[in-house]
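# Survey of secondary and tertiary structure
Next come the chains, spelled out residue by residue.
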Amino acid sequence: MADNRHSQRARERTDVSTSGDALARYYDLDLETDPGDLDMYLAFADAGAGTVLELMAGSGRISVPLAEAGYKVTAVDNEPAMLSRAAARWQRTSSRARKGGALDLVEADVTTLELGKRFDLIIVAFNSLLLLDDRATQAQTLEGVARHLKPSGRAVIDVWLPQPDDLALYDGRLVLDWTRIDAESGQRVAKSTAARYEAAARTARISTFFDAWNEGESPARTSRRDTVNFLNQDELE
């Protein structure tokens, strides 16, 4: 069973805004289109001894299936709303897990993480490393990966290394990404993004807008803004 100390604390916090809850829900709605990386992480976990740490784990898209498959998983994120959704996802699926898997949800800052144990596999998925504040913070996080990795362990870090042509659309224009039905609320939701790349700093400032509405109503907007700090291969190595 999951150690729910941290996830319970996340659910009980009263300072989580409605927008935080909505953004976590829309994050899952956004990933209804499967990125196709889960089988890879399952294969990496299968090659190890079974203990997994996922940093910036979000709502459990990867951690929960790994735990369900029988691995001992610790999932770390600093967003209570994300961890709450991960806990709910685990509760929905754990009754089907028959292989002894476990999930521990930890609310923490990955740059200063100290869990006091080491893992066979550490995952930083889906470009999460690029969303950290700056390159020094990225380096701190990788140092934390090293502290928590067993000598025989493996770290898998998924990072986009864009070519100049890939950033052609990052010119500030607003782009409609999709319109979908949110099964939880029954609302129609449209996601739009606007991104601007700053070549000198190798950063992109991305604004994401989710407009949700019921039939006959005006849309309600929830937004977030991120700075993506790109790294090149030499820096990663």
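All figures in this text were calculated on a predicted structure; none of them were measured in a lab.

The subject of this paragraph is the overall build of the protein chain. Within the protein chain, the regular secondary structure consists of 7 helices and 9 strands. Per-residue burial over the protein chain gives 45% buried out of 237 residues. The long-range share in the protein chain, meaning contacts at least 24 apart out of those at least 6 apart in sequence, stands at 66%.

Our focus in this paragraph is the packing of aromatic side chains. Per the counting criterion, the structure on display carries 5 aromatic pairs. Ring centres of Trp178 and Phe210 lie 6.1 Å apart, and the angle between their planes is 45 degrees; on these two criteria the pair is classed as tilted. With Trp178 in strand S6 (residues 171-181) and Phe210 in strand S8 (residues 203-213), this residue pair connects regions lying 32 residues apart in the sequence. By relative accessible area, which is 9% here, Trp178 ends up buried. Here the aromatic residues Trp160, Tyr170, Tyr197 and Phe230 are joined through ring pairs into a cluster of three or more.

Considering the arrangement of structural elements, one finds Ala220 in strand S9 (residues 220-229). Linking Ala220 and Val189, residues 31 residues apart in sequence, is a C-alpha distance of 9.4 Å.

Procedures and definitions
Residues numbered from 1 in each chain as written. Predicted model: local features only at pLDDT ≥ 70, side-chain atom pairs only at ≥ 80, totals over all residues. Heavy atoms only, no water. Helix = DSSP H or I, 4+ residues; strand = E, 2+ residues; numbered from the N terminus. Buried < 20%, exposed > 50% of the residue type's maximum accessible area, 1.4 Å probe, protein only. Contact = heavy atoms within 4.5 Å. Phe/Tyr/Trp six-rings, centres within 6.5 Å; stacked < 30°, edge-to-face > 60°.

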